Amino acid sequence: MATTVGEVRAGLAPAGLQLPGIVLGVGLGGFVDGILLHQLLQWHHMLTSTNHDHIGVKYYNPHTVSGLEMNTLWDGIFHAVCWIAVLTGLAILYSRVTHNRRRVWTSRVLWGWMLAGWGLFNLVEGVLDHHILGIHHVHGGPYQLWWDIGFLCLGALLLVGGWLLQRSGQPFDPEAPTARQAGRDAR
C-alpha cells in the first residue's frame, strides 16, 4: 500500500519526525533556559522563590553558600532531565530514520517540531514552576509577573512558529532516494 503525502503529514509515515522533534525540542529548550537564565544571567535557580511558593518548599537563599549549593543541586537535576530528554529524542529519531540520516537534519519538519517542543517546554515549565508551584520566576522582583507572562508568550510563539515551519516542509521519507541517487538510478 502506497503512503500518500497526506498520510505522511498526519504522522503515519514509518519515520515520523513529530515525536523525536518534540522531545529534542523539550530537552534543548530546557538547556537554553538552564544555561541562559540559571547560569549566565543568574536571574533564577530552581528554588529561588520558595520563600513565596505555593507548596511549602523550604527557602534556599541563593545569596548564601548553603542556599546556592541547594539551588545548584536542583539546577543539576533539571539539567540531567534535559539531557535525558535530548538522548531520548535522539534515540527515537535514530530508531525511526534508518536511511539517509544526514538528510533528516536539513528537514524543516524536524526543525519545526523541535521549535514546537521548545515552545511546549516553555509553556509547561512556565505554568507549572512560575504560576502553579511558584518555586521560581523568570526574573524576580517587582515586574516578575510580566517576565513570567513574556516567557509564556515566547513559548506560544515558538510552538506556533514551529508548527508552521514543519507544515511548510516536505514530508521526510527515509526510503526515498536522494536527488543524487535518483540520477544514478536513471542511468
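Residues numbered from 1 in each chain as written. Predicted model: local features only at pLDDT ≥ 70, side-chain atom pairs only at ≥ 80, totals over all residues. Heavy atoms only, no water.

Caption draft 1: Quick peek at the overall build of the protein. The number of helices and strands found in the protein is seven helices and zero strands. Sequence-ordered secondary structure for the protein, helices as α and strands as β, is α-α-α-α-α-α-α. Within the protein, buried positions represent 37% of all 187 residues. Per element, the accessible surface of the protein, about 10900 Å² overall, is 67% carbon and sulfur. (Helix = DSSP H or I, 4+ residues; strand = E, 2+ residues; numbered from the N terminus. Buried < 20%, exposed > 50% of the residue type's maximum accessible area, 1.4 Å probe, protein only. Areas by Shrake-Rupley, 256 points an atom, 1.4 Å probe, with all protein chains shown as cover.)

Caption draft 2: The confidence of the model for the protein, seen in detail. Residue-level pLDDT values for the protein average 88, and 83% of them are 70 or greater. Contacts of residues 7-14 to residues separated by more than four positions or lying in other chains number 13 contacts, the stretch itself having pLDDT below 50. (pLDDT = per-residue confidence, 0-100. Contact = heavy atoms within 4.5 Å.)

Caption draft 3: Main features of the packing of helix α5 (residues 108-132) against helix α6 (residues 144-168). Interhelical geometry of α5 versus α6 gives an angle of 160° and a closest axis separation of 7 Å. On the basis of their axis angle, the class for α5 and α6 is roughly antiparallel. For α5 against α6, the interelement crossing comes out left-handed. (Axes fitted to C-alpha atoms, helices over the stretch in contact; angles between N-to-C directions. Parallel < 35°, antiparallel > 145°, perpendicular 65-115°, else oblique. Left-handed = near helix turned anticlockwise from the far one by under 90°.)

Caption draft 4: Main features of the packing of aromatic side chains. This model, assessed by the stated rule, comprises three aromatic pairs. Ring centres of phenylalanine 78 and phenylalanine 121 lie 6.1 Å apart, and the angle between their planes is 45°; on these two criteria the pair is classed as tilted. Here phenylalanine 78 is found in helix α3 (residues 65-96), whereas its partner phenylalanine 121 is found in helix α5, with 43 residues between them in sequence. Like phenylalanine 78, the residue phenylalanine 121 is buried in the burial classification. (Phe/Tyr/Trp six-rings, centres within 6.5 Å; stacked < 30°, edge-to-face > 60°.)

Caption draft 5: Expanded view of the side chain of aspartate 148. The topology assignment puts aspartate 148 in helix α6. Polar contacts involving the side chain of aspartate 148 include one to the main-chain amide nitrogen of valine 138, which spans 2.9 Å. Apart from residues lying up to four places away in sequence, aspartate 148 is in contact with His130, His131, His137 and Val138. (Polar contact = N/O pair within 3.5 Å; in protein donor to acceptor, adjacent residues only side chain to side chain.)

Caption draft 6: Region of the structure containing the nonpolar core. In terms of nonpolar packing, the biggest core is built from 11 residues, these being Leu17, Leu24, Val86, Leu93, Val97, Val104, Val109, Leu110, Trp113, Met114 and Ala116. Elements represented by at least two residues in this core include exactly α3 and α5. In terms of residue count, the dominant contributor to this core is α5 (five residues). What tryptophan 113 contacts, discounting residues up to four positions off in sequence, is Leu17, Gln18, Gly21, Ile22, Gly162, Trp163 and Gln166. (Core = buried A, V, L, I, M, F, W, Y, C linked by side-chain atoms within 4.5 Å.)

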